[in-house]
Amino acid sequence: MKAFFILLHVIQIAYLSSARPITSDDVIDLTHVLDERAIGWPGNKPYILTEFKGPKTVNGVNLTWVEVGFLSTAEHIGTHMDAPSHFSKGNWKINDIPPERLIGPAVKVSIRDQASKDRDYVLSIQDILNWESVNGRIPNKAILFVDSGFAKFYPDRIKYSGAEQVVDKDLNLILHYPGISGEAAQFLVDERDIVGVVMDTISFDSGQNSKLFPAHHVLLGAKIWGVENCADMEKMPATGTIATVYPTKKRGSGSATRILVMKTDISISGSFKMFASTTFTVTALSVVLAIIEYSRLI
């Protein structure tokens, strides 16, 4: 029995050590670089970084190289997260969002075809149902990515959002880019259980909904965070990935955010689930045998 127990531990260690390293092919970075070209909401403060680079004497020590920067910028700029408090008084700020709501199964619904023909297109309930008819129901606690294809225009503000300002002199909306409809947002709140939405436009409310912001009110009011200005999702599959978002843990209604999407089939056999299941089985069996061995000794 003892020899068999030791053998099982050897097998377990072999399985655990055989998983290949994660490579760049396994992870998709959906974040625009945050720099002076970063796009924010019209009228918001731009990204300003004042840098010092070079030799410097610090506490009497001559350092050959020091690089340090002083950053001044709006919260909602570049790839960034909208906290619920952004449109919902007294709701979660960025630092209040529970960490378990920053990671989850990722699903991508594409509206590229529709948006290529109509810049003002909004994700509809029917778009979601059509996606589910092919891919299955959106998983609970999922992060919903809406792919309009507009990331390709970033950081050209005119091509990306249609205008430099929100309204013209007569207060008519002049922004034109896709978004999520208020009806679809309400459907996601009432009928599905998601933790966040990610959009590759300047706002997840469309340009022509930029007075009332229905999707913002509905989703943020339900504690569903939103990320805007996501990078190109073309390489992201519709299902089969896990997303993690990394906003700075700061007090405020918004934060620069990094978004990583990782494939879930990472293992030597090409099946992470099979690997995990086998490892768990070996581990569980080892525990059972250890209990039996211990009971014999006492």
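All of these numbers come straight from a predicted model, not from anything done at the bench.

What counts as what
- Residues numbered from 1 in each chain as written.
- Predicted model: local features only at pLDDT ≥ 70, side-chain atom pairs only at ≥ 80, totals over all residues.
- Heavy atoms only, no water.
- pLDDT = per-residue confidence, 0-100.
- Contact = heavy atoms within 4.5 Å.
- Core = buried A, V, L, I, M, F, W, Y, C linked by side-chain atoms within 4.5 Å.
- Buried < 20%, exposed > 50% of the residue type's maximum accessible area, 1.4 Å probe, protein only.
- Helix = DSSP H or I, 4+ residues; strand = E, 2+ residues; numbered from the N terminus.
- Phe/Tyr/Trp six-rings, centres within 6.5 Å; stacked < 30°, edge-to-face > 60°.
- Lys NZ or Arg CZ within 6 Å of the ring centre and 35° of its normal.
- Salt bridge = Lys/Arg side-chain N within 4 Å of Asp/Glu carboxyl O.
- Patch = residues over 30% accessible without salt bridge, like charges linked within 9 Å, V, L, I, M, F, W, Y side chains within 5 Å.
- Areas by Shrake-Rupley, 256 points an atom, 1.4 Å probe, with all protein chains shown as cover.
- Polar contact = N/O pair within 3.5 Å; in protein donor to acceptor, adjacent residues only side chain to side chain.

Caption draft 1: Quick look at the confidence of the model for the protein. Residues of the protein with pLDDT of at least 70 account for 82%, and the chain-wide mean is 88. In this model, residues 267–276 is a region of pLDDT below 50 whose contacts with residues beyond four sequence positions or in other chains number 15 contacts.

Caption draft 2: Quick look at the nonpolar core. Among the nonpolar cores identified, the biggest contains 25 residues, and I138, L144, I180 and F204 are the most heavily contacted of them. Contributions of two or more residues to this core are made by strand 5 (103–110), helix 3 (125–135), strand 7 (142–147), helix 5 (182–191), strand 9 (194–199) and helix 6 (214–221). If sequence neighbours within four positions are ignored, I180 has contacts with V122, L123, V146, A185, V197, M199, F204, D205 and A215. Among the nonpolar cores identified, the runner-up in size contains 21 residues, and V195, W225, M233 and V245 belong to it.

Caption draft 3: Seen up close, unusual backbone geometry. The peptide bond linking Y154 to P155 adopts the cis configuration, its omega dihedral lying at 5°. With respect to the element layout, P155 can be found in the loop between strand 7 and helix 4 (157–161). Of note, K141 is a non-glycine position whose phi angle comes to about 65°, a positive value. For K141, the location among the structural elements is in the loop between helix 3 and strand 7. Positive phi, normally seen in glycine, also occurs at K223, with a value near 65°. Following the sequence through the fold, K223 ends up in the loop between helix 6 and strand 10 (225–228).

Caption draft 4: Geometry of the packing of aromatic side chains. A complete count under the given rule lists four aromatic pairs for this structure. Three or more aromatic residues link up through ring pairs in this structure, and these residues are W41, F87 and F213. The ring of F52 carries K56 above its face, with NZ or CZ at 5.1 Å from the centroid. Directly above the aromatic system of W92 lies the positively charged group of K223, at a separation of 4.5 Å from the ring centroid.

Caption draft 5: Expanded view of the pattern of salt bridges. The final tally for this structure, using the stated rule, is 11 salt bridges. Residue D232 pairs with R112 through a salt bridge whose shortest N-O separation is 2.6 Å. With a gap of 120 residues between them, D232 in the loop between strand 10 and strand 11 (241–247) and R112 in helix 2 (residues 112–117) connect regions that are remote in the sequence. A salt bridge links E164 to R157; the shortest N-O distance between them is 3.9 Å. Residue E164 is classed as partly exposed on the basis of its relative accessible area of 47%.

Caption draft 6: A look at a nonpolar patch on the surface. A surface patch of nonpolar side chains, amounting to about 280 Å² of accessible area, comprises F52, V68 and F70. Mapped onto the secondary structure, F52 falls in strand 2 (residues 48–58). In this structure F52 comes out as partly exposed when scored by relative accessible area, which is 32%.

Caption draft 7: Local environment of the environment of L212. Mapped onto the secondary structure, L212 falls in the loop between strand 9 and helix 6. Along the sequence, L212 and G182 sit 30 residues apart, while their C-alpha atoms lie 9.9 Å from each other.

Caption draft 8: Broad picture of the side chain of D82. Tracing the sequence through the fold places D82 in strand 4 (residues 80–82). Separated by 2.8 Å, the side chains of D82 and H76 make a polar contact. In this structure the side chain of D82 is engaged in a polar contact, spanning 3.1 Å, whose partner is the side chain of H216. Not counting residues within four places of it along the chain, the set of residues in contact with D82 comprises H76, F204, H216, L220, W225, G226, E228 and S253.

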